[in-house]
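Chains, contacts and geometry: an overview
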Amino acid sequence: MFGSPSRGANAYANVAMETGVTAATPHKLTLMLMDGASIAIVLAIKHMQERNIIEKGRKITQAILIIDNGLRASLNHKVGGGEIAGNLDALYSYMSRTLFSANVTNKPELLEEVHGLLSQIKEAWEAIDPDRSGNAANPASNAQNFHASQHFAKI
């Protein structure tokens, strides 16, 4: 009559995610994208180990889409002469190619490499959080500014 409990939980999770995205700063949204890509990669490793080809492919594709349509697409090449954004663009491109290669070759070490790179970028991104004291005027925090609603809608 009222639907399953998991259906209600899923609806609640969707509303919570949408509310979190709407209320988040560009800096926080970038962290959310990094988390999403990391989770997809960890799940891809799990599916690869279980020989679940379909789910492995889905999770790798999800990670690539987050990196390309979220992180890469949101780079601001006008800040700081574009050097930081250019370097991140090249690194994100490398990550996408490596994820694709991991999908084709079934090499979990490639997934682990990208996961490690993404973790390092996330740590650096967290260190320049403008909401933390002393970092509000850091121009590097603008290197990855984007319009969240456009990019989250694609993912």
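Quick summary incoming for the structure in this document. (Residues numbered from 1 in each chain as written. Predicted model: local features only at pLDDT ≥ 70, side-chain atom pairs only at ≥ 80, totals over all residues. Heavy atoms only, no water.)

Notes on the packing of helix H3 (residues 53-72) against helix H4 (residues 83-105)
With their axes 10 Å apart at the nearest point, H3 and H4 run at an angle of 170° to one another. Comparing their axes, H4 and H3 come out roughly antiparallel. Side by side, H3 and H4 meet where Lys56, Gly57, Ile60, Ala63, Ile64, Ile67, Asp68, Leu71 and Arg72 of the first sit next to Asp89, Tyr92, Ser93, Met95, Ser96, Leu99, Phe100, Ala102 and Asn103 of the second. When the residues that make up the contact of H3 with H4 are grouped by side-chain class, the tally is ten nonpolar, four polar and four charged. (Axes fitted to C-alpha atoms, helices over the stretch in contact; angles between N-to-C directions. Helix = DSSP H or I, 4+ residues; strand = E, 2+ residues; numbered from the N terminus. Parallel < 35°, antiparallel > 145°, perpendicular 65-115°, else oblique. Contact = heavy atoms within 4.5 Å. Nonpolar A, V, L, I, M, F, W, Y, C, P; charged D, E, K, R; others polar.)

Looking at the side chain of Ser74
Structurally, Ser74 is set in the loop between H3 and H4. The class for Ser74 is buried, based on a relative accessible area of 1%. Of note is the side chain of Ser74, whose polar atom sits 2.9 Å from the backbone oxygen of Leu71. (Buried < 20%, exposed > 50% of the residue type's maximum accessible area, 1.4 Å probe, protein only. Polar contact = N/O pair within 3.5 Å; in protein donor to acceptor, adjacent residues only side chain to side chain.)

A closer look at the packing of H4 against helix H5 (residues 108-127)
Interaxial distance between H4 and H5 falls to 8 Å at its minimum, and their mutual angle equals 155°. In this view, H4 runs roughly antiparallel relative to H5, as classed from their interaxial angle. When you trace H4 past H5, the crossing you get is left-handed. Of H5, the residues touching H4 (which contributes Leu88, Leu91, Tyr92, Tyr94, Met95, Thr98, Leu99, Ser101, Ala102 and Thr105) are Leu110, Leu111, Glu113, Val114, Leu117, Leu118 and Ile121. Of the residues that constitute the contact of H4 with H5, the class distribution is 13 nonpolar, three polar and one charged. (Left-handed = near helix turned anticlockwise from the far one by under 90°.)

Notes on the nonpolar core
In this structure, Ile41, Tyr92, Leu99 and Leu111 are the most contacted members of the largest nonpolar core, which totals 29 residues. Counting only elements with at least two residues in this core, the list comes to helix H2 (26-49), H3, H4 and H5. Ranked by residue count, the leading element in this core is H2, at nine residues. (Core = buried A, V, L, I, M, F, W, Y, C linked by side-chain atoms within 4.5 Å.)

Things to note about unusual backbone geometry
A positive phi angle is found at Arg51, which is not glycine, with a value near 60°. Turning to its location among the elements, Arg51 is positioned in the loop between H2 and H3. Arg51 gets classed as exposed once you look at its relative accessible area, which sits at 68%. Of note, Asn106 is a non-glycine position whose phi angle comes to about 55°, a positive value. Along the chain, Asn106 turns up in the loop between H4 and H5. What makes Asn106 partly exposed here is its relative accessible area of 37%.

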